[in-house]
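What follows is the residue order along each chain.
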Amino acid sequence: MFGKRLKKLRKDRQYTISKMSLVLGISVELYLKYERDELHPNLPILIKVACTFHVSIDYLAGLTNLPLPYPEAEKYLV
């Protein structure tokens, strides 16, 4: 679930795989493992992904289909 959502968010924003690896401070190879659901990110990387795309961690984890499940959540995003 995480990898599918990560890939969709990246493509929706027209980010390249290289750009995402730079934003997250990881290698391209590691990033691709996330998109393929071969590995799951640690909490600091998960937070960076959520902040980059302005979505909740619940959404990334597949716990909700709403990118921001709480209306007031937008004001807390960095």
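Residues numbered from 1 in each chain as written. Predicted model: local features only at pLDDT ≥ 70, side-chain atom pairs only at ≥ 80, totals over all residues. Heavy atoms only, no water.

Side note on the packing of helix α2 (residues 17–24) against helix α4 (residues 43–53)
Two elements in contact, α2 and α4, have axes whose closest approach is 10 Å; the angle formed by their N-to-C orientations is 120°. What the angle tells us is that α2 and α4 run oblique. Relative to α4, α2 is oriented so that their crossing is right-handed. For the pair α2 and α4, contact is made by M20, V23 and L24 and by I45, K48, V49, T52 and F53, respectively. Tallied by class, the residues present in the contact of α2 with α4 amount to 6 nonpolar, 1 polar and 1 charged. (Axes fitted to C-alpha atoms, helices over the stretch in contact; angles between N-to-C directions. Helix = DSSP H or I, 4+ residues; strand = E, 2+ residues; numbered from the N terminus. Parallel < 35°, antiparallel > 145°, perpendicular 65-115°, else oblique. Left-handed = near helix turned anticlockwise from the far one by under 90°. Contact = heavy atoms within 4.5 Å. Nonpolar A, V, L, I, M, F, W, Y, C, P; charged D, E, K, R; others polar.)

Regarding the pattern of salt bridges
Taken as a whole, this structure holds 2 salt bridges when the rule is applied. Note that E35 is salt-bridged to R10, the shortest N-O span being 2.5 Å. Taken together, the residues span a long stretch of sequence, with E35 in helix α3 (residues 28–35) and R10 in helix α1 (residues 2–12) at a distance of 25 residues. A single burial state applies to E35 and to R10, both of which are buried. (Salt bridge = Lys/Arg side-chain N within 4 Å of Asp/Glu carboxyl O. Buried < 20%, exposed > 50% of the residue type's maximum accessible area, 1.4 Å probe, protein only.)

So, a positive patch on the surface
A cluster of basic residues, K7, K11, K33 and R36, forms a positive patch on the protein surface. By secondary structure assignment, the location of K33 is in helix α3. Assessed through its relative accessible area of 35%, K33 is described here as partly exposed. (Patch = residues over 30% accessible without salt bridge, like charges linked within 9 Å, V, L, I, M, F, W, Y side chains within 5 Å. Areas by Shrake-Rupley, 256 points an atom, 1.4 Å probe, with all protein chains shown as cover. Lys, Arg positive; Asp, Glu negative; His and termini not counted. Charge placed at Lys NZ, Arg CZ, Asp CG, Glu CD.)

Notes on the packing of α1 against α3
Packing of α1 against α3 brings their axes to within 7 Å, and their N-to-C directions diverge by 115°. As the angle between them shows, α1 and α3 are arranged roughly perpendicular. When α1 is examined against α3, the residues F2, G3, K4, L6, K7 and R10 are found in contact with a partner set consisting of Y31, Y34 and E35. Looking at side-chain class alone, the contact of α1 with α3 contains 4 nonpolar, 1 polar and 4 charged residues.

With respect to the side chain of R5
Looking at the secondary structure, you find R5 in helix α1. An unpaired buried charge is present at R5: no salt bridge exists, and D58, the closest side chain of opposite charge, is 9.5 Å distant. Ignoring anything within four residues of it in the chain, the contact list for R5 reads Y59, G62, T64 and N65.

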